Amino acid sequence: MNIAKIALIFFLGGWSSLAAQTTEELMKQEPLAEGNDARFEELSEAYSTMLQFEGIMAAISKKFPELAEEVKAAEAEMAASAVGKGFRGVEVELKRRMGREFIAYEKGIRAQIQEFQEEAAKEVDLETAKMGLGTAAAMAKGRVQVDVLRNVIAYNPEYRKDPAKEFSDGWAAGYSSKMDEQKREVNYLLMYPGSWKPTNLASKAELMALWNDAGHGRHRLSFQSINAPDPKYAKMDPVELAKALMAPEGTLIESGKGKMAGLECGRVVYDLTVEKDQKIVMSRVITYAVLAKEHFVILSLMLGSGGELGKEELVKKYGPLLAGMAAKLEIE
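Residues numbered from 1 in each chain as written. Predicted model: local features only at pLDDT ≥ 70, side-chain atom pairs only at ≥ 80, totals over all residues. Heavy atoms only, no water.

A.B. asks: Which parts of the structure should I look at to understand the packing of helix α5 (residues 82-98) against helix α8 (residues 146-154)?
C.D. replies: Between two packed helices, both the angle of their axes relative to each other and the distance between the axes serve to describe the pair. Closest axis-to-axis distance for the α5/α8 pair is 7 Å, and the angle between their directions is 80°. One finds that α5 runs roughly perpendicular with respect to α8. Between α5 and α8, the contacting residues are Ala82, Val83, Gly86, Phe87 and Val90 on the first element and Val148, Leu149, Asn151, Val152 and Ile153 on the second. (Axes fitted to C-alpha atoms, helices over the stretch in contact; angles between N-to-C directions. Helix = DSSP H or I, 4+ residues; strand = E, 2+ residues; numbered from the N terminus. Parallel < 35°, antiparallel > 145°, perpendicular 65-115°, else oblique. Contact = heavy atoms within 4.5 Å.)

A.B. asks: Is there a simple way to think about the pairing of strand β4 (residues 206-212) in this case?
C.D. replies: On a regular strand, each side chain points to the face opposite its neighbour's, so the side chains alternate between the two faces of the sheet. When you tally the buried positions in β4, you get seven out of seven residues, the bulk of the element. Examined bridge by bridge, strand β3 (residues 197-198) and β4 share two bridges and lie antiparallel to one another. Residue Lys197 lies in a different strand from β4, and its bridge partner there is Trp211. Hairpin geometry of β4 and strand β5 (residues 219-227) is characterised by an intervening segment of six residues between the two adjacent antiparallel strands and by a positive phi of about 85° at Gly217. (Buried < 20%, exposed > 50% of the residue type's maximum accessible area, 1.4 Å probe, protein only. Pairing = 2+ DSSP bridges.)

A.B. asks: Mind showing me how you'd approach the packing of helix α4 (residues 68-80) against helix α7 (residues 126-140) here?
C.D. replies: Across the interface, α4 lies against α7 with an axial gap of 9 Å and an inter-helix angle of 10°. The angle between α4 and α7 falls in the class roughly parallel. For the pair formed by α4 and α7, the contact residues are Glu70, Val71, Ala74, Glu77 and Met78 on the first element and Leu133, Ala136, Ala137, Met139 and Ala140 on the second. The class makeup of the residues in the contact of α4 with α7 is eight nonpolar, no polar and two charged. (Nonpolar A, V, L, I, M, F, W, Y, C, P; charged D, E, K, R; others polar.)

A.B. asks: What exactly am I supposed to notice about the sheet that holds strand β1 (residues 172-176) here?
C.D. replies: One key point about sheets: their strands pair by backbone hydrogen bonds, in either a parallel or an antiparallel sense. The sheet built from three strands is open, its strands ordered β1-β2-β10 with antiparallel pairing. With one partner strand each, in any of the chains shown, β1 and β10 (330-331) form the two edges of the open sheet. Of the strands in this sheet, β2 (188-193) and β10 touch helix α12 (residues 311-328), which is tilted by about 155° from β2.

A.B. asks: When you look at α7 in this model, what are you seeing that I'm missing?
C.D. replies: In an α-helix there are 3.6 residues to a turn, and that puts residues three or four apart on one side. Between its first and last C-alpha atoms α7 spans 22 Å; for 15 residues at 1.5 Å apiece the expected length is 21 Å, and the two agree. Those residues of α7 lying buried are Thr128, Ala129, Gly132, Leu133, Thr135, Ala136, Ala138, Met139 and Ala140. Positioned one or two residues after α7, Gly142 has a phi angle of 120°, which is positive. (Expected span 1.5 Å × (residues − 1).)

A.B. asks: What is the right way to look at the packing of aromatic side chains in this model?
C.D. replies: Working definition: an aromatic ring pair is given by the centre-to-centre distance plus the angle between the planes. Scanning the model with the defined rule gives eight aromatic pairs in all. Between Tyr47 and Tyr105 the ring centres are 6.1 Å apart and the planes differ by 20°, which places this aromatic pair in the stacked class. Taken together, the residues Tyr47 in helix α3 (residues 40-63) and Tyr105 in helix α6 (residues 101-121) connect sequence positions 58 residues apart. Across the pair, Tyr105 and Tyr47 agree in class, each one buried. Both rings, one in Phe102 and one in Tyr105, keep their centres 5.8 Å apart while their planes meet at 45°; by these two values the pair is tilted. You can see Phe102 and its partner Tyr105 sitting in helix α6, three residues apart, about one turn around the helix. Using a relative accessible area of 1% as the deciding quantity, one classes Phe102 as buried. You can call Tyr105 buried: its relative accessible area is 15%. (Phe/Tyr/Trp six-rings, centres within 6.5 Å; stacked < 30°, edge-to-face > 60°.)

A.B. asks: Honestly, the nonpolar core in this entry has me stumped. Any pointers?
C.D. replies: As a rule of thumb, soluble globular proteins bury nonpolar side chains together. With 34 residues, the main nonpolar core has Phe223, Met260, Val297 and Leu299 as its most contacted residues. Mapped onto this core, the elements with two or more residues apiece are α10 (163-168), β2, β4, β5, β7 (263-276), β8 (279-292), β9 (295-303) and α12. For this core, the element with the highest residue contribution is α12, accounting for seven residues. Excluding its chain neighbours within four sequence positions, the residues that come into contact with Phe223 are Tyr175, Tyr188, Leu190, Ala205, Glu206, Leu207, Met208, Val297, Ile298, Leu299 and Leu329. If you look at the next biggest cluster of nonpolar residues, it comprises 31 residues, including Ala82, Ile113, Leu149 and Tyr155. (Core = buried A, V, L, I, M, F, W, Y, C linked by side-chain atoms within 4.5 Å.)

Geometric values such as these leave the question of function open.
So this is what it looks like as structure tokens:
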């Protein structure tokens, strides 16, 4: 099979029109100064993929009218899927960032894609088109490039509204300490939202760390394991232990009990003041902590401020997600 046919199968897909914002409205919208950040290139790649899906679906329907009903069915499946909704979310986010500049940006991408499609269409036969339609169904279920999938899931409006839904819907990834080169007496398996991205570790105690900025503010997830052989800790109330394991600079907001890896644990919420870029920033932190197999096991989420949500609303928004992750943690 030649390159053009392979490209057709890989890029196939489609859905209904997106983000109903008029050209007139966009023309009045100023670009954001911070709109072209590190994630912009990823969003642009995802949007380009969406336009390729959309264009090739239209081309198949035009060239092979006998496949028109199958094309419509594939488009409907994509539109209703988490992936299709995520692509809509990516377009909304790009318009928010780019404002009036989005108009020329979109025109340029479409021109590039059209040139590719005209060349590829010369090599497409009915058999290839049918194979591509089968691939489209798989793409609606998530068969796209990892970086593209991570971004479309992150910007799916349903998951931005309810981060725990992404996790419960099965868009999850996993970290296993057995994959580390370092040998450990205790191993962990932590499941986390698949759209969250690994980031640098802040200390030797951290086994893994993730970040996400698709919702309100930039948030950081930290998973730690600290050796604790002293038997006195086993006698401590789990809530008091969680308080003791808070960052020393933290100001306690609330505390209570939770579940972590099948064990009763402590849950604390506190404010932490840090200096970032020569500015004082106060973040709200949710932490689950437990003593298991002579180790303090700590799962924390630092919520960055941003958007219209206050700290209490952020805790309500992301608290269920952290609770679900803590409950699914496995320790062996």
